[in-house]
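# Structural overview
One-letter residues, chain by chain:
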Amino acid sequence: MVWIPGPLFQDLCDLGEKCTTCPSQTIMFITILSILLGNSKHRKSSREITRELDFIIVGAGSAGCVLANRLTEKKNWNVLLLEAGGEELRINEMPSTPFIFFGSNIDWNYKTEADENSCRADNGCMMPRGKLMGGTSSTNGMLYVRGSPSDFNDWAKLGNKGWSYKDVLPYFKKSENNLDDNIVKANPYYHNKGGYLAVEKLSYHDKNAQILTKAWQELGYEYIDVNANKQIGVMNIQTTTLNGKRQSSNDAFIDPIREKRGNLFIETEALVRKIKINSKTKEAIGVEYINKNGEKKIVFAKKEIIISAGTIDSPKLLMLSGIGPSKELKKHNINIIKDLQVGQNLQDHVAIDGLRIKLNKTSTEKSLKKRIHDLEQYLKNQTGPLSSIGPLESAAFVKTSFEKENQPDIEYNFVPFSNNIITLPNSYNMINVHPILLTPNSRGTITLNATDPINSPPIIRQGFFSKNPDRQRLLEGIRIFLKIFKTKIFQDNKMTLMKTFKPLCKEKFNSDDYWYCLMKYYTNTDYHPVGTCKMGPKSDKEAVVDSELKVYGIKKLRVVDASIMPKIIRGNTNAPTIMIAEKASDMIKNYWKFKIF
């Protein structure tokens, strides 16, 4: 497998005479990255897969890789892990690259529907999802943020026994190998060493990230460990990296065991199209998929099938298999096996595009020659600016007047920008600020594509800003951020608010109506979709799985990924998804330990 950049970067140079005609040095630099690092990591040839196994896991993302590791700890269990994408690439290891993966061949390239209140400028919003081993954990921003304890306590209050914070904290710690001794010593109750997933502070600290953190402190926000007992404040976030390289779930949980456990079988470029279910016994018995040669294959599971395809593809697969809202399935002439509210309850952290910081003294813009020097440094010892995530390292969590608990409802992320395109953190002249609504009331849906429900992307309707006070909360979050331009450190460094030109927003710049216009037309998200296979008690009419993540009414079938979250958490979703898989692994082991035949 070879990396093919998305449309934004596809006008690549051949590094010959035509190089002088390239539109920017950024594109030239990405050309070099694609040539040097765009190939797959070396793998041994896969073993032949038997037609019947104990467990089949669909999706090798944040959750699927964890499950494959933990279930194959039982030496007498054979486990098949199926992934629609290919192997991870060498470029995925570089921490500085997440934003250049958008739209490429390792992205599902999903796009949401535009609606009355959001995503109108481009007739829909991007919804990048990783399509390769490791899933989105191989393409994300790597921020290790678990969410607030109250988030998980709310899950338990909704009737999900065993999912309170005290129940899930041991599973966060089980996976964690925290390499920052100071953080572990300061908060040993919340952190751990020795797990599979490396968590660390980046060795290279972007100067603008440091300025941002100090500016928040100047405004009175405490420097915190967001994964401990306080969530309101600012932090140079720990990342899922190991010695300057990304730690995807594939790197962390699969690589150490892949060639050591004979009971683990992996097939990539395997697109699962249907769960085979016995309509009489309502028992999941196998999966049908298309392999990389275009051949249809069917494999069977003796114990369980576990769907870990993510918030978008897990509900799609369930509906294609006859599990979903009867009204939706009838539209596509799909035989209804179980009427459940699959694809409902979609939630995401909504933000805007267009709030930017102009860097007058602290621009990191460099010539191509200096960027190549950064690359040489990274390739030599995984240090320097390409081992970082730039200004994204600094993250702040604040509370608006709408929040009644002592918890954050707004997060700020900072993305490197140059010449109006996303770039790498070793060369940028502005920062795109994402004020992110952590506690949306609005909900969306995932439904099947009427043209081709199997091969076409599902219809994603986010429903952003359809419920109050989402717009008002985000507006207050913007106003809170604007105070940062009055800080001494911002003024000393001549960091100013850019009057960003957005053609569809004619309102007076910085008026409330201007920001509301950006919400409507230039919507953005933190790419954290959850909730479409909702976990809940049987009395919850929206619930798809129970508290053990078993699909209601179907035997031997579970969903284990971010789609089971009944309510979105106040933070990034990778760490909670890994936690969900850790907890599910123990549930599965305990279930089969005491299963009476």
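Structure first, text after, so check above.
Notes on the structure follow. (Residues numbered from 1 in each chain as written. Predicted model: local features only at pLDDT ≥ 70, side-chain atom pairs only at ≥ 80, totals over all residues. Heavy atoms only, no water.)

## Structural notes on the packing of helix H2 (residues 64-71) against helix H14 (residues 574-593)
Between H2 and H14, whose axes approach to 8 Å, the crossing angle comes to 35°. Crossing geometry of H2 relative to H14 is assigned as right-handed. Within the contact between the two elements, H2 uses Val66, Leu67, Arg70 and Leu71 and H14 uses Ile578, Ala581, Glu582, Ala584, Ser585, Ile588 and Lys589. Considering only residue class, the contact of H2 with H14 consists of seven nonpolar, one polar and three charged. (Axes fitted to C-alpha atoms, helices over the stretch in contact; angles between N-to-C directions. Helix = DSSP H or I, 4+ residues; strand = E, 2+ residues; numbered from the N terminus. Left-handed = near helix turned anticlockwise from the far one by under 90°. Contact = heavy atoms within 4.5 Å. Nonpolar A, V, L, I, M, F, W, Y, C, P; charged D, E, K, R; others polar.)

## A few points about the environment of Ile57
With respect to the helices and strands, the residue Ile57 is situated in strand E1 (residues 52-58). By relative accessible area, which is 0% here, Ile57 ends up buried. Considering only alpha carbons, one finds Ile57 and Ala68, eleven residues apart in sequence, at a separation of 7.3 Å. Excluding anything up to four places from it in sequence, Ile57 contacts Gly64, Leu67, Ala68, Leu71, Val79, Leu80, Leu81, Leu82, Ile306 and Ser308. (Buried < 20%, exposed > 50% of the residue type's maximum accessible area, 1.4 Å probe, protein only.)

## A look at the pairing of strand E12 (residues 283-290)
In terms of burial, E12 is a largely internal element, six of the eight residues being buried. Pairing of strand E11 (residues 271-278) with E12 involves seven bridges; the strand directions are antiparallel. Paired with Val272 across the two strands is Tyr289, which belongs to E12. In this structure, the hairpin formed by E12 and strand E13 (residues 296-307) is closed by a connection of five residues, where Gly294 is found at a positive phi of approximately 80°. (Pairing = 2+ DSSP bridges.)

## Re unusual backbone geometry
A cis amide bond, omega 0°, links Asn468 with the succeeding residue Pro469. By the secondary structure assignment, Pro469 is in the loop between strand E23 (459-461) and helix H11 (470-482). Notably, Asn243 is not glycine yet its phi reads approximately 50°, a positive angle. Inspection of the secondary structure puts Asn243 in the loop between strand E8 (241-242) and strand E9 (245-246). Since its relative accessible area comes to 57%, Asn243 is described here as exposed. With a phi angle near 75°, Asn510 is a residue other than glycine that sits in the positive phi range. Position of Asn510 among the secondary structure elements: in the loop between strand E24 (495-497) and helix H13 (512-521). With a relative accessible area of 27%, Asn510 lands in the partly exposed category.

## Some thoughts on the side chain of Asp313
Structurally, the position occupied by Asp313 is in helix H8 (residues 310-320). Nearest to the buried, unbridged Asp313 among oppositely charged side chains is Lys316, at 4.7 Å. Reaching out from Asp313, the side chain makes a polar contact with the side chain of Tyr110 at a distance of 2.8 Å. Apart from residues no more than four positions distant in its own chain, Asp313 is found in contact with Trp108 and Tyr110. (Lys, Arg positive; Asp, Glu negative; His and termini not counted. Salt bridge = Lys/Arg side-chain N within 4 Å of Asp/Glu carboxyl O. Polar contact = N/O pair within 3.5 Å; in protein donor to acceptor, adjacent residues only side chain to side chain.)

## A word on empty space enclosed by the protein
Any empty space left between atoms is shown by rolling a water-sized probe over those atoms. Applying the stated criterion to the full structure yields two cavities of 30 Å³ or more. The volume enclosed by the largest cavity comes to roughly 50 Å³. Leu346, Gln347, Asp348, Val350, Pro440, Ser442, Arg443, Gly444, Gln462, Phe464, Phe465 and Asp470 together form the lining of the largest cavity. When its residues are assigned to classes, the lining of the largest cavity shows five nonpolar, four polar and three charged. Looking at the lining of the second largest cavity residue by residue, the classes come out as seven nonpolar, two polar and no charged. (1 Å grid on protein atoms, 1.4 Å probe; cavity = no way out; pocket = protein on both sides within 12 Å on 5 of 7 lines; lining within 4 Å. Points joined across faces, edges and corners; volume = space filled by probe spheres on them.)

## What to know about the environment of Ser585
Inspection of the secondary structure puts Ser585 in helix H14. Sequence spacing of Ser585 and Pro416 is 169 residues, and the spatial spacing of their C-alpha atoms is 38 Å. Not counting chain neighbours up to four residues away, the residues in contact with Ser585 comprise Val66, Leu67, Arg70 and Leu71. A polar side-chain atom of Ser585 sits 2.7 Å from the main-chain carbonyl oxygen of Ala581.

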